[in-house]
Amino acid sequence: MADETAGEEPVATPLPRLGWRAQSVLYVLLEDPSREVWPYWVDQRAKPRSDSAPILKRLAQAGWLTTRRETGKPNARVLYRLTAAGEALAREAVQRPVKWPDNVAHHRPGS
């Protein structure tokens, strides 16, 4: 429709539970909120597996992230960036205490 507001960010909704994997992804995004990331870039920084793809998708569905495809092709990589509301929620979320597993606790930022 013509009366849709283009350029407005979606409303971000708080997520009740974010585990240590989601927090580690948020730490990476908060380092530079204006930077666009894609799942495997996050994984190269955080861990060898691709656990961040579903986390980024979940955060985007909740309105924390904007998404765009690098090209218009169906298999193009999706780039994610924090919204203004998402950044505020992310800063709050990383302050919540989370039990980090012993085998990855040394990867937690600030450790």
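Residues numbered from 1 in each chain as written. Predicted model: local features only at pLDDT ≥ 70, side-chain atom pairs only at ≥ 80, totals over all residues. Heavy atoms only, no water.

### Some points on the overall build of the protein chain
What counts here: A run of H or I in DSSP becomes a helix once it reaches four residues, and a run of E becomes a strand once it reaches two; helices and strands are each numbered from the N terminus. Summary of the burial criterion: residues with accessible area below 20% of their type's maximum are buried, those above 50% are exposed, and those between are partly exposed, where the area comes from a 1.4 Å probe applied to protein chains only. Contacts are residue-level and defined by heavy atoms, with any inter-residue pair within 4.5 Å sufficient. The accessible surface values rely on the Shrake-Rupley method and a 1.4 Å probe; as for residues, cover is taken only from the protein chains in view.
The helix and strand inventory of the protein chain stands at four helices and two strands. For the protein chain, the succession of helices and strands along the chain, N to C, is α-α-α-β-β-α. Looking at the protein chain as a whole, 37% of its 111 residues qualify as buried. The long-range fraction of contacts in the protein chain, counting pairs at least 24 apart against all pairs at least 6 apart in sequence, stands at 63%. On the protein chain, roughly 7200 Å² of surface is accessible, and the fraction owed to carbon and sulfur atoms is 52%.

### Considerations on the pattern of salt bridges
In plain terms, the rule: Whenever Lys or Arg places a side-chain nitrogen within 4 Å of a carboxyl oxygen from Asp or Glu, that contact is recorded as a salt bridge.
The final tally for this structure, using the stated rule, is four salt bridges. One salt bridge connects Glu36 with Arg68, and the closest N-O pair in it is separated by 2.7 Å. Highlighted residues: Glu36 in the loop between helix H1 (20-31) and helix H2 (39-46) and Arg68 in strand S1 (residues 65-69), separated in sequence by 32 residues. Overall, Glu36 belongs to the partly exposed group, its relative accessible area being 32%.

### Observations regarding the environment of Pro33
Residue position: Pro33 is located in the loop between H1 and H2. The spacing of Pro33 and Gly86 is 53 residues in sequence and 9.6 Å in space, taken between C-alpha atoms. Residue contacts for Pro33: discarding those within four places in its chain leaves Arg81, Leu82, Glu87 and Arg91.

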